[in-house]
Amino acid sequence: MDVVVRRGDVTTRQAGALAIGVFEVARRPEGAAGTVDRATRGAISARLAARDFHGRFLETAVLYPAGLRARRLILVGLGKRAAFTEHHARLAAAQAARRAREIGAGTLATAVHGVGLGGLDPERAAQLVAEGSMLGHYRHTAYRGERPAPLRRVELVEGDAALARRMAPAAERGARWADAACLARDLANTPGQDLVPERLAARAAEIARRSGARVKSLGVGQLERLGMGALLAVGRGSVHPPRLIVLERGPARGSRTVVVVGKGITFDTGGISLKPRENMHKMKYDMSGAAAVLGLFAALPTLDPRLRVVGIIPTAENMPGGRALKPGDVVRAADGTTIEVTNTDAEGRLVLADALVYARRFKPAAVVDLATLTGAVSIALGHLAAGLFSDDDALASSLVEAGEHAGERLWRLPLWDDYASELSSDTADLVNSAGREGGAILGAMFLKRFARGMRWAHLDIASTAWSPVERPHEPRGATGYGVRLLLEWLSRRAASGA
Ligand code: BES
Ligand code: MN
Ligand code: ZN
């Protein structure tokens, strides 16, 4: 699907459907809705008067009025004007695109919601509407046919020529960011059978090539030479060997480096500490951190080329094979730390330990890891925020702020050293799993040991990487969480010269 900006009038634009936002309580619609109301001899005000449609947030109605060149009119409620925010514009656009797809509109022309009455900056609004349209339109269709067919094009219609020209690059950026998030969704929705570590490495190579990044994928021999006993141990129960994928983009020197690490467990059975059967099928999304890193790389060309970004993906399949790691085994991570594996299902922290040690060689200004690390983070936060852990207040608040702007929320949880004693082992330097209480924090505390000496933040995305419910901008399943958050965070860093 393409997203473009067109200078023109919403009433004369030819399209399968025209989407117009309507604020609540407007007896007489204003803005774009007012223009359309006049052209259609009061089609919208008649609806409002009949109380068939109120403009409540995300409410929709499909009309077939005379007076427009578009075949249908989709009204989408924008809610109360006083409550309207950037995220409302994104969600309203998503809702309209979703509705247009459902009715098989083919092409959609849309007003840029939030400009004018909504009080948003026009370029920002164009980015949000482009982004929302793409996110709302997304379906994972690789494993089935789909009818009606997806939309071919979404046009953002703006009457003012100068404004339309300014909106074009912003809309382009919104579309590319959302497209990158959809790439991450596709990866995480792919069944484990079709996305084993080797295949993930192949996809990473493809994405790197298209976005002008360098990439390598370290196999078992190289991992052995690097002493990555933790990553190797997790991969041992599978016939598909583990790998460490490394992507790099930007100037090789003279620039501060950001490292982004993503957990890439292509399927998590739990290993010998086998997971219960209910919901195990969802563990194909245990590589959502890796998917976020790859989505980020796909859209890096939209950011300042002086940014130097390194992506590290430790990838393995956690299986209970005959050679599998067993509870009680002791493994040695790349920095020499020994780990008593008390639970083979706490595998994410093992593979991330070696990846964080590897990150040190880049002398990064900041390291952010994204991982579907614990079920406990969902118990703490539900599905509306990911857990954020960092000892660095400035780094933490810059991430929280980027998350607000991206509509991908983060909530900070503690990392007090008092928790560390719970990870002590009688046999090794530490255990990989302790009790159930404070599970998300203990996972983060484990990682903290391996992030020593670096400005580091950990995002536990187990709560947000998979949506159990349908939302305007995301169907059930993989959400692509983190891609737009990272893009927003990096573009703000670049702008502030950090
Ligand atoms: N991949 C899981 C975490 C997870 C659970 C993600 C449910 C999404 C939904 C992770 O590898 C895991 O199994 N964590 C354990 C840790 C425990 C053994 C300390 C967990 O959360 O139970
Ligand atoms: Mn696990
Ligand atoms: Zn896992």
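In this text, all values refer to a predicted model and were calculated from it rather than measured experimentally.

1. A closer look at the coordination of the manganese ion (ligand 2)
The coordination sphere of the manganese ion (ligand 2), as far as protein atoms go, consists of Asp268 (OD), Asp345 (O), Asp345 (OD) and Glu347 (OE), spread over 2.1 to 2.2 Å. Overall, aspartate 268 belongs to the buried group, its relative accessible area being 3%. Overall, glutamate 347 belongs to the buried group, its relative accessible area being 0%.

2. A closer look at the environment of valine 62
Mapped onto the elements, valine 62 comes out in strand β3 (residues 60-63). Along the chain, valine 62 and alanine 19 lie 43 residues apart, while their C-alpha atoms are 9.2 Å from each other. When neighbours within four sequence positions are excluded, valine 62 is seen to be in contact with Arg72, Leu73, Ile74, Arg99 and Ile103.

3. A few points about the site of ligand 1
Surrounding ligand 1, one finds 17 residues, the nearest of these being Lys275, Asp286, Asp345, Glu347 and Gly375. Between an oxygen atom of ligand 1 and a side-chain N or O atom of aspartate 345, the distance comes to 2.8 Å. Between an oxygen atom of ligand 1 and a main-chain N or O atom of glycine 375, the distance comes to 2.8 Å. Contact with the protein chains hides 78% of the accessible area of ligand 1, taken as 510 Å² for the molecule alone.

4. Overview of the coordination of the zinc ion (ligand 3)
Looking at the zinc ion (ligand 3), the protein donor atoms are Lys263 (NZ), Asp268 (OD), Asp286 (OD) and Glu347 (OE), and they sit 2.0 to 2.4 Å from it. Coordination geometry of the zinc ion (ligand 3): the six donor atoms subtend angles of 79 to 175 degrees at the metal centre, consistent with an arrangement described as octahedral. Here the zinc ion (ligand 3) and the manganese ion (ligand 2) are spaced 3.1 Å apart, and both take aspartate 268 as a donor. Taken as a pair, lysine 263 in the loop between β9 (257-262) and β10 (264-268) and aspartate 286 in the loop between β10 and α9 (288-299) lie far apart in primary sequence, 23 residues in all.

5. Let's talk about the pattern of salt bridges
In this structure the tally under the stated criterion is 32 salt bridges. Between arginine 124 and glutamate 86 there is a salt bridge; the shortest N-O distance is 2.9 Å. Of this pair, arginine 124 sits in helix α4 (residues 122-137) while glutamate 86 sits in helix α3 (residues 86-102); the two residues are 38 residues apart in sequence, bridging distant segments of the chain. Residue glutamate 86 is classed as partly exposed on the basis of its relative accessible area of 25%.

6. Points about the sheet that holds strand β12 (residues 330-332)
If you trace the three strands from one edge of the open sheet to the other, you get β12-β13-β17, paired in mixed fashion. Every interior strand has two partners, whereas the edge strands, β12 and β17 (430-431), have only one. In this structure, β12 lies alongside strand β13 (residues 338-340), joined through three bridges in antiparallel fashion. Looking at β13, one finds that valine 331 is bridged to isoleucine 339.

7. Describing empty space enclosed by the protein
Taken as a whole and assessed by the stated rule, the structure comprises two cavities of 30 Å³ or more. Each pocket or cavity is described by its volume, and for the largest cavity that value is around 60 Å³. Taken together, Ala184, Ala188, Ser288, Ala291, Ala292, Ala465, Ala478, Thr479, Gly480, Tyr481 and Val483 form the lining of the largest cavity. Contributions of two or more residues to the lining of the largest cavity are made by α5 (161-189) and α9.

8. Regarding the layout of surface pockets
In this structure, the largest pocket occupies an estimated 1200 Å³ of space. If you go around the largest pocket, you meet 40 residues; those closest to its centre are Lys275, Leu373, Thr374, Gly375 and Ala376. Where the lining of the largest pocket is concerned, the elements lending two or more residues are α10 (348-359), α11 (376-381) and α13 (439-450). Within the lining of the largest pocket, the residues separate by chemical class into 17 nonpolar, twelve polar and eleven charged.

9. Quick look at the domain arrangement of the protein chain
Much of the literature gives interface size as the accessible area that the parts lose upon coming together. Assigned domains within the protein chain: domain 1 (2-158) and domain 2 (185-496). Between the C-alpha centres of domain 1 and domain 2 there is a distance of 37 Å. Facing 16 residues of domain 1, the contacting portion of domain 2 comprises 17 residues. Taken together, both faces of the contact between domain 1 and domain 2 bury some 1400 Å²; the carbon and sulfur share is 52%.

10. Regarding the nonpolar core
One finds Leu108, Leu156, Leu399, Leu459, Trp489 and Leu490 to be the most contacted residues of the largest nonpolar core, which totals 98 residues. The element contributing the most residues to this core is α5, with 15 residues. A domain-level breakdown of this core finds at least three residues from each of domain 1 (2-158) and domain 2 (185-496). The contact partners of tryptophan 489, leaving out residues within four places of it in the chain, are Val258, Ala366, Val368, Leu395, Ser398, Leu399 and Ala402. Residues Val331, Leu356, Leu373 and Trp456 belong to the second largest nonpolar core, which totals 54 residues.

11. Digging into the packing of aromatic side chains
What describes a pair of aromatic rings is the distance from one ring centre to the other and the angle between the planes of the rings. Enumeration according to the criterion identifies five aromatic pairs in this entry. Considering the side-chain rings of phenylalanine 23 and phenylalanine 84, the 5.3 Å spacing of their centres and the 75 degrees angle between planes classify their relative orientation as edge-to-face. Within this pair, whereas phenylalanine 23 is found in strand β2 (residues 17-23), its partner phenylalanine 84 is found in the loop between β4 (73-79) and α3, the two being separated by 61 residues in sequence. Note on phenylalanine 23: relative accessible area 9%, which makes it buried. Measuring from centroid to centroid gives 5.1 Å for tyrosine 285 and tryptophan 466, while their planes differ by 35 degrees, and the two rings are tilted. Separated by 181 residues along the polypeptide, tyrosine 285 in the loop between β10 and α9 and tryptophan 466 in strand β19 (residues 466-467) bring together distant segments of the chain. Owing to a relative accessible area of 9%, tyrosine 285 belongs among the buried residues under this scheme.

12. Here we look at helix α1 (residues 31-39)
Taken together, the buried positions of α1 are Ala33, Gly34, Val36 and Asp37. Across the axial projection of α1, the buried residues extend over an arc of 165 degrees, all falling on one side. Looking at the buried positions of α1, the neighbouring elements they touch are β2, α2 (43-50) and β4. Following α1 by one or two positions, arginine 41 adopts a phi angle in the positive range, close to 50 degrees.

13. Considering the packing of α3 against α4
Orientation of α3 relative to α4, taken along the N-to-C sense of each, is 40 degrees, at an axis distance of 7 Å. Taken as axis vectors, α3 and α4 run oblique relative to one another. Crossing angle aside, the handedness with which α3 passes α4 is right-handed. Two secondary-structure elements touch here, α3 through Glu86, Ala89, Arg90, Ala93, Ala94, Ala97, Arg98 and Arg101 and α4 through Arg124, Leu128, Val129, Glu131, Gly132, Ser133, Gly136 and His137. Split into classes, the residues belonging to the contact of α3 with α4 amount to six nonpolar, four polar and six charged.

How each quantity is defined
- Residues numbered from 1 in each chain as written.
- Chains lettered and ligands numbered in written order.
- Predicted model: local features only at pLDDT ≥ 70, side-chain atom pairs only at ≥ 80, totals over all residues.
- Heavy atoms only, no water.
- Donors = N, O, S within 2.8 Å, 3.2 Å for Na, K, Ca; no water.
- Buried < 20%, exposed > 50% of the residue type's maximum accessible area, 1.4 Å probe, protein only.
- Helix = DSSP H or I, 4+ residues; strand = E, 2+ residues; numbered from the N terminus.
- Contact = heavy atoms within 4.5 Å.
- Near = heavy atom within 4 Å.
- Polar contact = N/O pair within 3.5 Å; in protein donor to acceptor, adjacent residues only side chain to side chain.
- Areas by Shrake-Rupley, 256 points an atom, 1.4 Å probe, with all protein chains shown as cover.
- Tetrahedral: all angles 85-135°; square planar, octahedral: opposite > 155°, others 65-115°.
- Salt bridge = Lys/Arg side-chain N within 4 Å of Asp/Glu carboxyl O.
- Pairing = 2+ DSSP bridges.
- 1 Å grid on protein atoms, 1.4 Å probe; cavity = no way out; pocket = protein on both sides within 12 Å on 5 of 7 lines; lining within 4 Å.
- Points joined across faces, edges and corners; volume = space filled by probe spheres on them.
- Nonpolar A, V, L, I, M, F, W, Y, C, P; charged D, E, K, R; others polar.
- Domains from an automatic or database assignment.
- Buried area = accessible area lost by both parts, 1.4 Å probe.
- Core = buried A, V, L, I, M, F, W, Y, C linked by side-chain atoms within 4.5 Å.
- Phe/Tyr/Trp six-rings, centres within 6.5 Å; stacked < 30°, edge-to-face > 60°.
- Arc of directions from axis to C-beta.
- Axes fitted to C-alpha atoms, helices over the stretch in contact; angles between N-to-C directions.
- Parallel < 35°, antiparallel > 145°, perpendicular 65-115°, else oblique.
- Left-handed = near helix turned anticlockwise from the far one by under 90°.

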